[in-house]
Amino acid sequence: MDFGAAHVTQMALGAWQAQVLYTLTELGIFELLAEKPLPAQEVARRSGTHPLAAEGLLNAGVALKLLAKDGEEYADTDLALRLLCEESPESLARWVRVMGRWSRPWNDLAEVVRTGQPAEGREARLWQDPRYVADFVLGMHEYARRIADEVAEHVDLPAGARVTDVGGGAGTYAIALCRRHPDVTVRILELASVVPLAESTVAEAGLADRIAVAPGDYLADPFGAGVSAVLLSNVLHQESREAGESIVARAHRALRAGGKVVVNGYFLDETRTRPSFTTLHNLSAFTLWGGGRSYTVGEAARLLQDAGFTEPVVHQVAQGASTVLVAQKGADGQPSADRGE
Ligand SMILES: Nc1ncnc2c1ncn2[C@@H]1O[C@H](CSCC[C@H]([NH3+])C(=O)O)[C@@H](O)[C@H]1O
């Protein structure tokens, strides 16, 4: 097959491979086989699945190097044990389950593009399922903990700093900031359904005395008063530009003079066609969240400067996997003069 045909067929069939990964994860087969190798019949019995279909799934898992087959028995490969079993410290299992749930709204992409509307009904239903909420928040934690320490390295804070982490999820970045700065305290602002999840991650990290988790709505609530830094990590892309302006304005209001806003996330370059992952992340935001879409670094910088922040310093993190923008509230605490405020 020529290169072009191979490229097209590979892309067209990529979703099949992803479905095998999602389904093995969703059915708990990696966890099952982590206990001991089993024949297909026994996997089907224990997972409550159809024997012949389960065998087909297991064989596809072997072909994808997620499982191994020895005689009649199937086992997890080292890769699956390391990355696809929830108890592993390197687990991405919950994150993969979330990608599996998102594959349904993604399937509506043609309709999303036709109408310009997110696959709203489905997404709203996702948030009504507590297992999804737990997988979403802890799945983002599984993903983010790989880069959080490197992000924290770009956030210099004064002694005794107080930080607000807006939409802080499971507390991944709050934990990384506290580890880097031994005397910093963080207040995470999160949806009420997420608060207990964040509290348990924070307690597991032994930081319950320095990280508080408060229920709130980042679309409306204040972010504190006189704080040293406001963290907006992977939040702006899931909201409309108007909501983004409101969030950034409230960050400015919450900060003391000289305080910092730290924006962490995935950004498009000025062509909007790179990097490849962010072009997909942009579509994902559009599909999943009403009004959501990715910013270019330039657009995010303007958003911050329009709210009265200094021009942000931009850091690439984890070989460009994430970008951190750090901007300051002017020392006089006033919004920039050119807005006439
Ligand atoms: N209206 C809202 N108010 C507060 N938090 C919200 C709201 N809408 C979404 N969120 C939270 O925003 C987070 C976005 S995911 C980002 C999590 C974390 N800051 C990280 O970078 O990994 C999720 O944890 C949501 O629960």
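- Going by an unreviewed UniProt entry, the protein chain carries the name O-methyltransferase and comes from Streptomyces hiroshimensis.

Some points on helix α3 (residues 40-47)
Here comes step 1: Listed as buried for α3 are Ala40, Glu42, Val43, Ala44 and Ser47.
Here comes step 2: Those residues of α3 that are buried are in contact with α2 (29-35), β1 (38-39), α4 (51-63) and β3 (73-76).
Here comes step 3: Phi turns positive, to about 65 degrees, at Gly48, one or two residues after α3.

A few points about the environment of Pro105
Here comes step 1: With respect to the element layout, Pro105 can be found in helix α6 (residues 93-107).
Here comes step 2: Under the relative-accessibility criterion, Pro105 is labelled buried at 2%.
Here comes step 3: Put simply, Pro105 and Ala318 are 213 residues apart on the chain and 29 Å apart in space, counted from C-alpha to C-alpha.

Topic: the site of the ligand
Here comes step 1: The ligand sits among 16 residues. The nearest are Gly167, Glu190, Asp217, Tyr218 and Ser233.
Here comes step 2: Taking Tyr218, its main chain carries an N or O atom lying 2.8 Å from a nitrogen atom of the ligand.
Here comes step 3: Grouping the constituent residues of the shell around the ligand by class yields seven nonpolar, seven polar and two charged.

Topic: the sheet that holds strand β2 (residues 67-70)
Here comes step 1: Pairing in this open sheet of three strands is antiparallel, and the strands run β1-β3-β2 from one edge to the other. This sheet does not close on itself; its edge strands, each paired only once, are β1 and β2.
Here comes step 2: Pairing of β1 with β3, which is carried by two bridges, proceeds in the antiparallel orientation. Counterpart to Leu38 in the pairing with β3 is Tyr74.
Here comes step 3: The sheet strands contacting α4 are β2 and β3, and the helix crosses β2 at an angle near 105 degrees.

Remarks on the packing of aromatic side chains
Here comes step 1: All told, the structure shown has eight aromatic pairs when counted by the stated rule.
Here comes step 2: When the ring of Trp102 is compared with that of Phe136, the centres are 6.1 Å apart and the planes differ by 45 degrees; the resulting orientation is tilted. Note that Trp102 is positioned in helix α6 and Phe136 in helix α9 (residues 130-144), a separation of 34 residues in sequence.
Here comes step 3: By the ring-pair criterion, three or more aromatic residues cluster together here, those being Trp102, Trp127, Tyr132, Phe136 and Trp289.
Here comes step 4: Here the guanidinium or amino end of Arg241 rests over the ring plane of Tyr295, the centre of that ring lying 4.1 Å away.

Observations concerning the environment of Gly160
Here comes step 1: Within the secondary structure, Gly160 is located in the loop between α10 (148-152) and β4 (162-166).
Here comes step 2: In this structure, the C-alpha to C-alpha distance between Gly160 and Val184, residues 24 residues apart in sequence, is 5.2 Å.

Points about the pattern of salt bridges
Here comes step 1: Across all of its chains, the model carries 14 salt bridges by this definition.
Here comes step 2: With a shortest N-O distance of 2.8 Å, Arg45 and Glu42 are connected by a salt bridge. Linking Arg45 with Glu42, this pair stays in helix α3, spanning three residues, or about one helical turn.
Here comes step 3: A salt bridge links Arg272 to Glu299; its shortest N-O distance comes to 2.9 Å. Of this pair, Arg272 sits in the loop between β8 (255-265) and α14 (276-288) while Glu299 sits in helix α15 (residues 297-306), placing them 27 residues apart in sequence.

Here we look at the nonpolar core
Here comes step 1: One finds Leu24, Phe30, Leu33, Leu58 and Trp102 to be the most contacted residues of the largest nonpolar core, which totals 37 residues.
Here comes step 2: Breaking this core down by element, the ones donating at least two residues are α1 (3-26), α2, α3, α4, α5 (78-83), α6, α9 and α14.
Here comes step 3: Residue contributions to this core peak at six residues, all from α9.
Here comes step 4: The next biggest cluster of nonpolar side chains, apart from the first, holds 31 residues, and it includes Ala144, Leu177, Val184 and Ala229.

A few points about helix α12 (residues 195-204)
Here comes step 1: Within the sequence span of α12, burial applies to Val195, Leu197, Ala198, Thr201 and Val202. All buried residues of α12 fall inside an arc of 160 degrees around its axis, so they share one side. Opposite the buried face of α12, by more than 90 degrees, sit the exposed residues Pro196 and Glu204.
Here comes step 2: Elements in contact with the buried residues of α12: α9, α11 (172-180), β5 (185-190) and β6 (211-215).
Here comes step 3: Phi turns positive one or two residues past the end of α12, at Gly206, with a value near 70 degrees.

Reading guide: rules and limits
- Residues numbered from 1 in each chain as written.
- Predicted model: local features only at pLDDT ≥ 70, side-chain atom pairs only at ≥ 80, totals over all residues.
- Heavy atoms only, no water.
- Buried < 20%, exposed > 50% of the residue type's maximum accessible area, 1.4 Å probe, protein only.
- Helix = DSSP H or I, 4+ residues; strand = E, 2+ residues; numbered from the N terminus.
- Contact = heavy atoms within 4.5 Å.
- Near = heavy atom within 4 Å.
- Polar contact = N/O pair within 3.5 Å; in protein donor to acceptor, adjacent residues only side chain to side chain.
- Nonpolar A, V, L, I, M, F, W, Y, C, P; charged D, E, K, R; others polar.
- Pairing = 2+ DSSP bridges.
- Axes fitted to C-alpha atoms, helices over the stretch in contact; angles between N-to-C directions.
- Phe/Tyr/Trp six-rings, centres within 6.5 Å; stacked < 30°, edge-to-face > 60°.
- Lys NZ or Arg CZ within 6 Å of the ring centre and 35° of its normal.
- Salt bridge = Lys/Arg side-chain N within 4 Å of Asp/Glu carboxyl O.
- Core = buried A, V, L, I, M, F, W, Y, C linked by side-chain atoms within 4.5 Å.
- Arc of directions from axis to C-beta.

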